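Close look at the chain arrangement
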Amino acid sequence: MPAPRPNRPSHRTLLVSLGAAVTAAYLGVLVLFGVSTHESREWRPVDVDADSVLVVVTMKSLQPTVDRVHAEVTIYPGDSFLDANGATLAVPLSVLLVPAVSQSELFFPAHSVPVGYPVELLARGQAIRWPFDTFDVTPVVVEADVGEGSEREPVPSDVLIDGRIDGWAIDQGTVVAAPELGFPDGVDGTEVVFTRTGGTLVYAAILLLMMVVLAVLAAFVAVQTFRRRRAVETDMLAWMAAMLFAVVPLRGILPGSPPIGSWVDVAVTMWVVTALVAALTLYVFCWWRDSHPSLTRR
């Protein structure tokens, strides 16, 4: 009697298992992305003392390649600095902001409504370490003065870091005393750190994985053809060339637009391109080795 054949899973079972695995991976990515990008903000009113000024620095955008942070500065003065109507300033106020690249000193004239000033801050970081690059503005020092000219006097002030930048998590770190920077006692600096959000890292990892899969597929086809496990088909040359050029748009849509020559290029992109070129070269060799020209005589 012939030996019984081992029970092998049917094609339908394999398709169902593959579909379940893809669905689980899809839902897992969605959950991971949602958890990593969730922001829990507790909105509560901020009390300002009558003789102090609250300076709110709202972060607007970050440009990693030029180490710049665009922000907006708004002041909320206490009641002793306001007119009877409670909306306009009774005395002129000025705010000195460090480390600002431009518009470091903001002036708010008397009998005017305080408006927001756009400012540009200097950030420190390395964009070539994408997606693990971090930037910090250390420290953000704000000094508020009342009066004009030689009659200017510092007043108590507090700093609040606010705002949201897509793709970045803003962490208001420890308060650093800043008398060594030339500011009077009582004026402190606030450390602000920018890091990539988890959602950005997940999206980047998926795109990089797709690039690696392209290289693995091309290498598999080339090696199997070299071992004569599969026949040479000239249409596969166009397919491999298309996969090689597909790396460029995948590299171009990476979140955060990492600069050319960054860490991800050295770790992934360069090797993916090398593997695709090597697979294409090996396949051309197999075509040359296994194909024979048809000679016809007249």
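Residues numbered from 1 in each chain as written. Predicted model: local features only at pLDDT ≥ 70, side-chain atom pairs only at ≥ 80, totals over all residues. Heavy atoms only, no water.

A few words now on the packing of aromatic side chains. Within the structure shown, the criterion is met by 5 aromatic pairs. Ring centres of Phe226 and Phe285 lie 6.2 Å apart, and the angle between their planes is 40°; on these two criteria the pair is classed as tilted. Of this pair, Phe226 sits in helix 2 (residues 198–226) while Phe285 sits in helix 4 (residues 263–290), placing them 59 residues apart in sequence. What makes Phe285 partly exposed here is its relative accessible area of 42%. Here the aromatic rings of Trp287 and Trp288 are separated by 6.3 Å at their centres, their planes lie at 55°, and the arrangement is tilted. When its relative accessible area of 32% is taken as the criterion, Trp287 is described as partly exposed. (Phe/Tyr/Trp six-rings, centres within 6.5 Å; stacked < 30°, edge-to-face > 60°. Helix = DSSP H or I, 4+ residues; strand = E, 2+ residues; numbered from the N terminus. Buried < 20%, exposed > 50% of the residue type's maximum accessible area, 1.4 Å probe, protein only.)

Attention shifts here to the pattern of salt bridges. Within the structure shown, the criterion is met by 8 salt bridges. The partner of Glu105 in a salt bridge is Arg152, and the shortest N-O contact between them spans 2.5 Å. Taken together, the residues Glu105 in strand 5 (residues 105–108) and Arg152 in the loop between strand 8 (134–146) and strand 9 (153–155) connect sequence positions 47 residues apart. Judged by its relative accessible area of 37%, Glu105 is partly exposed. The shortest N-O distance in the salt bridge between Asp290 and Arg228 comes to 3.2 Å. (Salt bridge = Lys/Arg side-chain N within 4 Å of Asp/Glu carboxyl O.)

With that out of the way, let us pick up the confidence of the model for the protein chain. Interpretation of this model should avoid reading the predicted coordinates in detail wherever pLDDT is low. In the predicted model, the protein chain carries a mean pLDDT of 82, and 85% of its residues have values of at least 70. Confidence, expressed as mean pLDDT per element, reaches its minimum in the protein chain at strand 11 (residues 168–177) with 74 and its maximum at helix 4 with 92. (pLDDT = per-residue confidence, 0-100.)

Let us now look at unusual backbone geometry. The bulk of non-glycine residues show a negative phi, and the bulk of peptide bonds are trans. Geometrically, the link from Val98 to Pro99 is a cis peptide bond, its omega value of 5° lying close to zero. Considering the arrangement of structural elements, one finds Pro99 in the loop between strand 3 (93–98) and strand 4 (100–102). Here Trp130 and Pro131 are connected by a cis peptide whose omega angle stands at 0°. With respect to the secondary-structure elements, Pro131 resides in the loop between strand 7 (124–125) and strand 8. Within the chain, Asp67 stands out as a residue other than glycine whose phi angle is a positive 55°. Looking at the secondary structure, you find Asp67 in the loop between strand 1 (53–63) and strand 2 (68–77). For Ser257, which is not glycine, the phi torsion reads 50° and is therefore positive. The residue Ser257 is located in the loop between helix 3 (235–252) and helix 4 in this model.

It is worth spelling out the sheet that holds strand 2 at this point. Pairing between the strands of a sheet is mediated by backbone hydrogen bonds and can be parallel or antiparallel. The strand order 4-6-2-1-10 describes an open sheet built from 5 strands, whose pairing is mixed. Two strands lie at the open edges of the sheet, namely strand 4 and strand 10 (157–163), each paired on one side alone. Within this sheet the neighbouring strands show an average axis-to-axis angle of 40°, counted without direction. Summarising the sheet, strand 4 and strand 6 (residues 117–122) pair through 2 bridges and their orientation is antiparallel. Bridge assignment links Ala100 to a residue of strand 6, and that residue is Leu121. (Pairing = 2+ DSSP bridges. Axes fitted to C-alpha atoms, helices over the stretch in contact; angles between N-to-C directions.)

Let's shift gears to the nonpolar core. Residues Val57, Met59, Leu121 and Phe194 are the most contacted members of the largest nonpolar core, which totals 35 residues. Among the elements of the structure, strand 1, strand 2, strand 3, strand 5, strand 6, strand 8, strand 10 and strand 12 (188–196) are those that each provide at least two residues to this core. If one sorts the elements of this core by residue count, strand 8 sits on top with 6 residues. Leaving out residues up to four positions away in the same chain, Phe194 has contacts with Met59, Leu62, Val69, Asp133, Thr134, Phe135, Val137, Ile165, Trp168, Ala169 and Ile170. (Core = buried A, V, L, I, M, F, W, Y, C linked by side-chain atoms within 4.5 Å. Contact = heavy atoms within 4.5 Å.)

Before going further, it helps to spend a moment on a negative patch on the surface. Taken together, Asp47, Asp49, Asp51 and Asp158 make up a surface patch of like negative charges. Note on placement: Asp158 falls in strand 10. (Patch = residues over 30% accessible without salt bridge, like charges linked within 9 Å, V, L, I, M, F, W, Y side chains within 5 Å. Areas by Shrake-Rupley, 256 points an atom, 1.4 Å probe, with all protein chains shown as cover. Lys, Arg positive; Asp, Glu negative; His and termini not counted. Charge placed at Lys NZ, Arg CZ, Asp CG, Glu CD.)

In terms of residue burial, strand 1 counts as a mostly covered element, since 8 of its 11 residues are buried. In this antiparallel pair of consecutive strands, strand 1 and strand 2, the connection spans 4 residues, and Asp67 shows a positive phi of 55°. Bridge count for strand 1 against strand 10 is 7 bridges, and the pairing is parallel. Looking at the pairing, Val55 lines up with Val159 of strand 10.

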